[in-house]
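Fold and geometry: a report
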Amino acid sequence: QVQLVESGGGLVQPGGSLRLSCAASGRILFINTMGWFRQHPGKERELVATITRGGSTNYVDSVKGRFSISRDNAKNTVYLQMNILKPEDTAVYFCNANGRSSIYDAWRDYWGQGTQVTVSS
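Below or above, wherever it landed, is the structure these notes cover. Since we're looking at a predicted model, the values are computed, not measured.

Points about the overall build of the protein chain
Broken down by element type, the protein chain carries zero helices and 11 strands. Taken from N to C terminus, the helices and strands of the protein chain fall in the order β-β-β-β-β-β-β-β-β-β-β. Its C-alpha atoms give the protein chain a radius of gyration of 14 Å, near enough to 14 Å, the size a compact globule of 121 residues would have. Taken over the C-alpha atoms alone, the protein chain extends approximately 50 × 25 × 25 Å along its principal axes.

Concerning unusual backbone geometry
Trans peptide bonds make up the majority, and among non-glycine residues the majority have a negative phi. In this model, N76 sits at a positive phi of 50°, which is unusual for a non-glycine residue. Mapped onto the elements, N76 comes out in the loop between β7 (67–72) and β8 (77–82). Residue class for N76 comes out partly exposed when judged on its relative accessible area of 21%. Backbone geometry at I84 places phi at a positive 50°, although glycine is not the residue there.

What about the pattern of salt bridges?
In the structure shown here, the tally under the stated rule is four salt bridges. The closest approach of N and O atoms between K64 and D61, which form a salt bridge, is 2.9 Å. With relative accessibility at 60%, the residue D61 sits in the exposed group. The closest approach of N and O atoms between R66 and D89, which form a salt bridge, is 2.8 Å. Taken together, the residues R66 in the loop between β6 (57–59) and β7 and D89 in the loop between β8 and β9 (91–100) connect sequence positions 23 residues apart.

Focus on the sheet that holds β7
Spatial strand order, β1-β3-β8-β7: four strands in an open sheet with antiparallel pairing. Strand pairing shows two members of the sheet lacking a second neighbour, β1 (3–7) and β7, which therefore form its edges. Taken over all neighbouring pairs, the strand axes of this sheet differ in orientation by 15° on average, direction set aside. Pairing geometry for strand β3 (residues 18–25) and β8, over six bridges, is antiparallel.

Some details on the environment of E44
Structurally, E44 is set in the loop between β4 (30–39) and β5 (46–51). Sequence separation between E44 and N83 is 39 residues, and the spatial gap between their C-alpha atoms is 23 Å. Setting aside residues up to four positions removed in sequence, E44 forms contacts with R38 and Q39.

Overview of the side chain of H40
The topology assignment puts H40 in the loop between β4 and β5. Beyond its immediate sequence surroundings of up to four residues, H40 is in contact with E46, E88, T90 and A91.

Digging into the state of the cysteines
This model, assessed by the stated rule, comprises one disulfide. Here C22 is linked by a disulfide to C95, with a sulfur-sulfur distance of 1.9 Å. One end of the pair, C22, is in strand β3; the other, C95, is in strand β9, and 73 residues separate them in sequence. Using a relative accessible area of 0% as the deciding quantity, one classes C22 as buried. Relative accessible area serves as the criterion here: at 0%, C95 is assigned to the buried category.

Cut-off values and rules
Residues numbered from 1 in each chain as written. Predicted model: local features only at pLDDT ≥ 70, side-chain atom pairs only at ≥ 80, totals over all residues. Heavy atoms only, no water. Helix = DSSP H or I, 4+ residues; strand = E, 2+ residues; numbered from the N terminus. Rg over C-alpha atoms; globule rule 2.2 N^0.38 Å. Buried < 20%, exposed > 50% of the residue type's maximum accessible area, 1.4 Å probe, protein only. Salt bridge = Lys/Arg side-chain N within 4 Å of Asp/Glu carboxyl O. Pairing = 2+ DSSP bridges. Axes fitted to C-alpha atoms, helices over the stretch in contact; angles between N-to-C directions. Contact = heavy atoms within 4.5 Å. Disulfide = S-S within 2.5 Å.

So, in structure tokens, the structure goes:
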């Protein structure tokens, strides 16, 4: 079974920084695009950032210039460096990987369990 294991969430002051990590484990043959999503209380899950296997990135407007997504293909790991954090960044953050566990499987999205990020003074 493929699992995405997240770490790095926590409580931070406004203006502070956090670094989230998510490593894919288990039987997985290919991973193409990876990304981070977040869900505020009572709201729909939204895309934060994505990164292709080749390193092309995309960010939601609200985090541009503050967040940076990166990946280590050899480790099947994606990172999200979050700087100048704001209270509105408070959410549960989920990592995502589009891939397949074997050549016989269809491509699908795999999700992490989520990690809480709270920005408050």
